[in-house]
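# Descriptive structure summary
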Amino acid sequence: MQQPHRSSATLFALLFAVLIGYASLYPFSEWRDQGVNLFEFITAPWPRYWSQFDTVANFVGYLPLGFLTTLALLRTTLVPRPIVWAALAASALSLGMEALQTYLPQRVPALSDWLLNTAGALVGAWWASAMERLGAIDHWSRFRSRWFARDARASIVLLATWPVALL
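Since we're looking at a predicted model, the values are computed, not measured.

### Focus on helix α4 (residues 111-134)
- Along its 24 residues, α4 runs 35 Å from first to last C-alpha, staying within 8% of the 34 Å computed at 1.5 Å per residue.
- Where α4 terminates, the next one or two residues include Gly135, which has phi positive at roughly 90 degrees.

Below you can see the structure in the form of structure tokens.
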């Protein structure tokens, strides 16, 4: 009996989480304790100015993470309610990134960023679940099994991320 292909979604989700860490903590220099509680941004007042770019980037930036994490969780029967767990994992990552930004004078942690990140991940998770129910994921799986070797999971991830790495 032939084993089903393992999903590339787990590798993609982990890679995307690393990319989020890079984008959230760049420029990686001048880290210092500014005498502020790591989670003070949660009770801080709302920002006075919101740029459209920042709002869209925070929402859209976590959408793929929610999508990919949900796909990875849908491939296992060990995790009930994959949408909830994917959104919680993305939210925890976002909370951690916002808290760490407290140590970077060039970055400004904000409750609005955390909430937008979480909302983006939740929408991505819902989208993955909807695509699974509609059969789009099975369609991709059939395409993959027809065109790629059984153990091509890491190679697919590498090929898909190569153009991004060149940027």
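### Digging into the confidence of the model for the protein
- Within the protein, residue pLDDT values average 85, and 77% of them lie at 70 or more.
- When mean pLDDT is compared element by element in the protein, helix α3 (residues 82-100) scores highest at 97, while helix α6 (residues 153-166) scores lowest at 65.
- A low-confidence stretch, residues 1-5 (pLDDT under 50), is modelled with seven contacts involving residues beyond four sequence positions or located in other chains.

### Things to note about the packing of aromatic side chains
- Throughout the structure, instances matching the rule amount to six aromatic pairs.
- When the ring of Trp31 is compared with that of Tyr103, the centres are 6.4 Å apart and the planes differ by 25 degrees; the resulting orientation is stacked. A residue pair is termed long-range when its members are at least 10 positions apart, and Trp31 in the loop between α1 (9-25) and α2 (52-74) and Tyr103 in the loop between α3 and α4 qualify at 72 residues.
- According to the relative accessible area criterion, Trp31 is partly exposed, its value standing at 39%.
- For Tyr103, a relative accessible area of 27% gives the class partly exposed.
- Put simply, the rings of Tyr22, Tyr26 and Phe28 touch in pairs and so form one group of aromatic residues.

### Regarding the nonpolar core
- With eight residues, the main nonpolar core is built from Ile20, Leu25, Tyr62, Leu65, Ala90, Met97, Leu104 and Ala121.
- Of all the secondary-structure elements, those providing two or more residues to this core are α1, α2 and α3.
- The contact partners of Leu104, leaving out residues within four places of it in the chain, are Leu25, Ser29, Trp31 and Gln34.
- In terms of nonpolar packing, the next biggest core, distinct from the first, is built from seven residues, Ala9, Ala13, Leu68 and Leu71 among them.

### What about unusual backbone geometry?
- Residues Tyr26 and Pro27 are joined by a peptide bond in cis, for which omega reads 25 degrees.
- Looking at the secondary structure, you find Pro27 in the loop between α1 and α2.
- A positive phi angle, near 60 degrees, is found at Phe28, a position not held by glycine.
- Within the secondary structure, Phe28 sits in the loop between α1 and α2.
- Phi at Glu30 is positive, roughly 60 degrees, even though this residue is not glycine.

About the cut-offs
Residues numbered from 1 in each chain as written. Predicted model: local features only at pLDDT ≥ 70, side-chain atom pairs only at ≥ 80, totals over all residues. Heavy atoms only, no water. Helix = DSSP H or I, 4+ residues; strand = E, 2+ residues; numbered from the N terminus. Expected span 1.5 Å × (residues − 1). pLDDT = per-residue confidence, 0-100. Contact = heavy atoms within 4.5 Å. Phe/Tyr/Trp six-rings, centres within 6.5 Å; stacked < 30°, edge-to-face > 60°. Buried < 20%, exposed > 50% of the residue type's maximum accessible area, 1.4 Å probe, protein only. Core = buried A, V, L, I, M, F, W, Y, C linked by side-chain atoms within 4.5 Å.

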